[in-house]
Amino acid sequence: QVQLVESGGGLVQPGGSLRLSCAASGNIFSINAMAWYRQAPGKERDLVASITSGGMTTYADSVQGRFTISRDNTKNTVYLQMNSLKLEDTAVYYCNAQIETWSRRTYDYWGQGTQVTVSS
């Protein structure tokens, strides 16, 4: 069993910043890619940013230049630094990780979601 626990969401004014964290624990042999997705009411769940085990990153066009994804492999944790937040960033943010268990099988795991609300 693997758990991804998210934290850091909340209410922020436009132009403000938040830092999301997602810590993985449990039956983990290694973690490959980690990513953040978000889903606004009535909309699809979209990829926000991803980071490989080697540190290569990708970003959605809508957040590039404002958000930064990073990871701490010693803590099995991925972060999303969110700056210059806009109203359109309001969504539930979900952590995702590709994890190889000790039985050498790879699965996708999801965090519980954390609400980010940008409002004046």
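The paragraphs below set out a description of the structure included in this document. Everything numeric here is computed off the predicted structure, so don't read it as measured data.

**Some words on the packing of aromatic side chains**
This structure, assessed with the given rule, holds three aromatic pairs. With centroids separated by 5.1 Å and ring planes inclined at 80 degrees, the aromatic side chains of Phe 29 and Trp 102 adopt a geometry described as edge-to-face. Separated by 73 residues along the polypeptide, Phe 29 in the loop between strand E3 (18–26) and strand E4 (30–39) and Trp 102 in the loop between strand E9 (91–100) and strand E10 (106–110) bring together distant segments of the chain. Phe 29 gets classed as partly exposed once you look at its relative accessible area, which sits at 34%. For Trp 102, a relative accessible area of 57% translates into the label exposed. Positioned over the ring face of Tyr 79 is Arg 19, at 4.0 Å from the centre of the ring. Lying over the aromatic face of Phe 29, Arg 104 brings its terminal NZ or CZ to 4.3 Å of the ring centre.

**Overview of the pairing of strand E8 (residues 77–82)**
With respect to burial, E8 is a largely interior element, five of its six residues being buried. Here six bridges tie E3 to E8, and the two strands are oriented antiparallel to one another. What sits directly across from Ala 23, in E8, is Thr 77. Looking at chain direction, strand E7 (residues 67–72) and E8 are connected through six bridges and run antiparallel. Within E8, the position partnered with Thr 68 by the bridge is Gln 81. Between E7 and E8, which pair antiparallel in sequence order, lie four residues; one of them, Asn 76, sits at a positive phi of approximately 50 degrees.

**As for the state of the cysteines**
Across all of its chains, the model carries one disulfide by this definition. Two residues share a disulfide in this structure: Cys 22 and Cys 95, whose sulfurs sit 2.2 Å from each other. One disulfide, between Cys 22 and Cys 95, carries an S-S torsion of -85 degrees and so falls in the left-handed class. One end of the pair, Cys 22, is in strand E3; the other, Cys 95, is in strand E9, with 73 residues separating them in the sequence.

Rules used in this analysis
Residues numbered from 1 in each chain as written. Predicted model: local features only at pLDDT ≥ 70, side-chain atom pairs only at ≥ 80, totals over all residues. Heavy atoms only, no water. Phe/Tyr/Trp six-rings, centres within 6.5 Å; stacked < 30°, edge-to-face > 60°. Helix = DSSP H or I, 4+ residues; strand = E, 2+ residues; numbered from the N terminus. Buried < 20%, exposed > 50% of the residue type's maximum accessible area, 1.4 Å probe, protein only. Lys NZ or Arg CZ within 6 Å of the ring centre and 35° of its normal. Pairing = 2+ DSSP bridges. Disulfide = S-S within 2.5 Å.

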